[in-house]
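# Topology and contacts: notes
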Amino acid sequence: MTISSQSRDEVGSCTRSRFLSRVRIRNYKSVDKCDVELGSLTILVGRNGAGKSNILDAIRFVKEGLETSLDHAIKSRGGVDEVRRRSTGHPRNFAIQLDLQLSDWSTATFGFEIGSQSGGGFTVKREQLKVIAANNRTAASYQVRQGEVADSTVKDMPPATRDRLFLVNAAGRSEFRPVYDALLAMGFYNLNPAAMKELQSPDAGELLQRDGVNIASVVGRLESDEPVLRKRINEYLERIAPGIVDVHRVGLGPRETLQFRQEVAGSKYPWGFYAASMSDGTLRALGTLVAVMQLADRKNTVRLVGIEEPETALHPAAAGTLMDALRDAVCHTQVIITSHSPDLLDELDPEFDTLLAVQASQGNSEVGPVDKASWEALRQHLFSAGELLRMDQLQIDPAHLDRQQQMELFSESEEE
């Protein structure tokens, strides 16, 4: 198995990956202010409608803004008025900033502020990137304001525009390319079993699509490029869905699908079943396993995977196996999931896993670590996280909320 040398925390027999160390968000959808640190495995927990998905979506917005365009990323979410937070204060700008840990032990901070305009338009008001070398010195940086490169440590930078993220152009310089490549090597998933059952058009299998529609191609690529990873997927799937001994890609004329080999009573050999015959829970479990163990390129696994409610349609008894698979994956890939499953949270390890509570307060989403009393109860094994969730005792630490309100992500006083 190829493992990239991202920043890691030593745990057991492996070192846990942490690509995104800190996320700051202002006025994005339901999020007023958010400033949280992420772990190698982070679980966002909260009631329905609390805003868990919006935290993940803010990170996904960064990737899509670079991979396609800001215009596409905004329009696919309903327009800028649906992206910026709605409130009586009518904030016109939203901002996102990410702290990254790169594969050469350097770090980076990348952020931008988008301003809304009349008629549904938008403009990139500010964008900045700073790369810090392993010796803690600035290796490269730039600042963009209102479509102009205001400052840069690199000479002869390409021009900036008001409607695109400048990092797309700056990635042509070797100093900034690692940040661009790393941010694109993230995957975000809301798996759709119905799409996974359909016959699929083959593709390169480079990255699993958001709904899992190209899963046959991704499995096929793992078969050829990383058979060890594919074997691990089969092993976990067999524990989640007893009787399944193998899953592989098969071609059906110009299309393709997955074929599962499953033991059948009275038969000497396993029978083959196409994806269309499999249960939603089995397909979602497979999609989760593939998502966290897939390759971002021919040598490295994907940097970060975000999955919404991976426990959906999964039998409660399989929650432990799912968490085992996620902990296996964080040896090479950072994982963020949303959940409100007590069974899954019962498997949380407070020593190594990061638990962030998300709660709605007067229309705003608040996010942060759980209060000290609850966390101490977890550490002393007085209660499991699932038990605290059942009692509705997973609340955000008030001290964190106070500090978060003092967060400065660009200057709110400069809004137009």
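Anything mentioned here points back to the structure above.
A brief look at the structure comes next. As the structure is a prediction and not an experimental result, all values here were calculated from the model. (Residues numbered from 1 in each chain as written. Predicted model: local features only at pLDDT ≥ 70, side-chain atom pairs only at ≥ 80, totals over all residues. Heavy atoms only, no water.)

### Here we look at the pattern of salt bridges
Put simply, the rule is: Salt bridges are identified by distance alone: a Lys or Arg side-chain nitrogen within 4 Å of an Asp or Glu carboxyl oxygen. Runs of H or I in DSSP of at least four residues are treated as helices and runs of E of at least two as strands, each being numbered from the N terminus. Only protein chains enter the accessibility calculation, which uses a 1.4 Å probe; a residue is then buried when its area is under 20% of its type maximum, exposed when over 50%, and partly exposed in between.
Under the defined criterion, the tally for this structure stands at 27 salt bridges. Note that Glu64 is salt-bridged to Arg77, the shortest N-O span being 2.9 Å. On the criterion of sequence distance, the pair formed by Glu64 in helix H1 (residues 52-67) and Arg77 in the loop between helix H2 (70-75) and helix H3 (80-83) is long-range, its members being 13 residues apart. Residue class for Glu64 comes out buried when judged on its relative accessible area of 14%. Since its relative accessible area comes to 10%, Arg77 is described here as buried. Its salt-bridge partner being Arg126, residue Glu113 comes within 2.2 Å of it at the nearest N-O pair. One end of the pair, Glu113, is in strand S7 (residues 107-116); the other, Arg126, is in strand S8 (residues 122-132), and 13 residues separate them in sequence. Glu113 gets classed as buried once you look at its relative accessible area, which sits at 0%. Residues participating in the shared-partner salt-bridge network are Lys29, Asp57, Arg60, Glu64 and Arg77.

### Remarks on the layout of surface pockets
Condition: Points on a 1 Å grid over protein atoms alone make up a cavity when a 1.4 Å probe fits among them but cannot get out, and a pocket when they form an open set with protein on both sides within 12 Å along at least five of seven lines; lining residues each have an atom within 4 Å of a point. Grid points are joined across faces, edges and corners, and a volume is the space filled by probe spheres set on the points. For this classification, Asp, Glu, Lys and Arg are treated as charged, while Ala, Val, Leu, Ile, Met, Phe, Trp, Tyr, Cys and Pro are nonpolar and the rest, including Gly, are polar.
Approximately 340 Å³ is the volume found for the second largest pocket. Counting only elements with at least two residues in the lining of the second largest pocket, the list comes to strand S4 (31-37), strand S17 (354-361), helix H12 (372-379) and helix H14 (398-405). Partitioned by chemical class, the residues of the lining of the second largest pocket number seven nonpolar, three polar and seven charged.

### Here we look at the packing of aromatic side chains
Definition in use: Pairing of aromatic side chains requires ring centres within 6.5 Å, counting the rings of Phe and Tyr and the six-membered ring of Trp. Pairs whose planes differ by under 30 degrees are stacked, by over 60 edge-to-face, and all others tilted.
If you walk through the whole model with that rule in mind, you get seven aromatic pairs. Pairing Tyr142 with Phe166 gives two aromatic rings, centres 4.9 Å apart and planes at 85°, and the pair type is edge-to-face. Within this pair, whereas Tyr142 is found in strand S9 (residues 138-145), its partner Phe166 is found in the loop between strand S10 (148-152) and helix H4 (167-170), the two being separated by 24 residues in sequence. Residues Tyr142 and Phe166 agree in their burial class; the two are buried.

### Considerations on the packing of H1 against helix H5 (residues 177-184)
Convention followed: Geometry is summarised by axes, namely lines fitted to C-alpha atoms with helices restricted to the contacting stretch, and by angles between N-to-C directions that run from 0 to 180 degrees. Here is the rule for handedness: rotate from the far helix to the near one, and if that takes an anticlockwise turn smaller than a right angle the crossing is left-handed, while a clockwise turn gives right-handed. The contact criterion used throughout is that any non-hydrogen atoms of two residues lie within 4.5 Å.
Where H1 meets H5, the axes come as close as 9 Å, and the angle between the chain directions of the two elements is 115°. Note that H1 runs across H5; the crossing there is left-handed. Contact residues: Val62, Lys63, Leu66 and Glu67 in H1; Tyr180, Leu183 and Leu184 in H5. Residue composition of the contact of H1 with H5, by class: five nonpolar, no polar and two charged.

### Describing H1
A turn of α-helix holds 3.6 residues, and therefore any two residues three or four places apart point the same way. Counted only if it meets this: How far a helix is expected to stretch is found by multiplying one less than its residue total by 1.5 Å.
The end-to-end C-alpha distance of H1 is 23 Å, a good match for the 22 Å that 16 residues give at a rise of 1.5 Å each. Burial analysis of H1 places 14 of its 16 residues in the buried class, the great majority of the element.

### Observations regarding the pairing of S10
Here is the rule we go by: Strand pairing follows a simple DSSP-based rule, namely that at least 2 bridges must link the two strands.
Two elements, S9 and S10, share four bridges in a ladder whose sense is antiparallel. Its bridge partner being in S10, Arg145 is matched across the sheet by Glu148. Turn length for the S9-S10 hairpin, with the two strands adjacent in sequence and antiparallel, is two residues, and the turn residue Gln146 shows positive phi of about 50°.

### Re the nonpolar core
One recurring pattern in soluble globular proteins: nonpolar side chains tend to sit buried together. Applied cut-off: What is meant by a nonpolar core is a set of buried Ala, Val, Leu, Ile, Met, Phe, Trp, Tyr and Cys residues, joined one to another through side-chain atoms within 4.5 Å.
In this structure, Leu258, Phe260, Leu286 and Leu355 are the most contacted members of the largest nonpolar core, which totals 60 residues. Ranked by the residues each element gives to this core, the list is headed by helix H9 (residues 280-293), at eight residues. By size, the runner-up hydrophobic cluster in this structure holds 59 residues, among which are Leu102, Val131, Tyr142 and Phe166.

### Structural notes on the environment of Thr312
Mapping Thr312 onto the fold places it in the loop between strand S15 (304-308) and helix H10 (319-329). Look at Thr312 and you get partly exposed, because its relative accessible area is 32%. Taking C-alpha positions, Thr312 is 7.7 Å from Arg284, a pair spaced 28 residues apart along the chain.

### Observations regarding helix H7 (residues 215-225)
Taken across its 11 residues, H7 has eight buried, putting it largely inside the fold. The complete set of buried residues in H7 reads Ile215, Ala216, Ser217, Val218, Val219, Gly220, Arg221 and Leu222. Packed against the buried residues of H7 are helix H6 (193-197), helix H8 (227-240), strand S12 (244-252), strand S13 (255-262) and H9.

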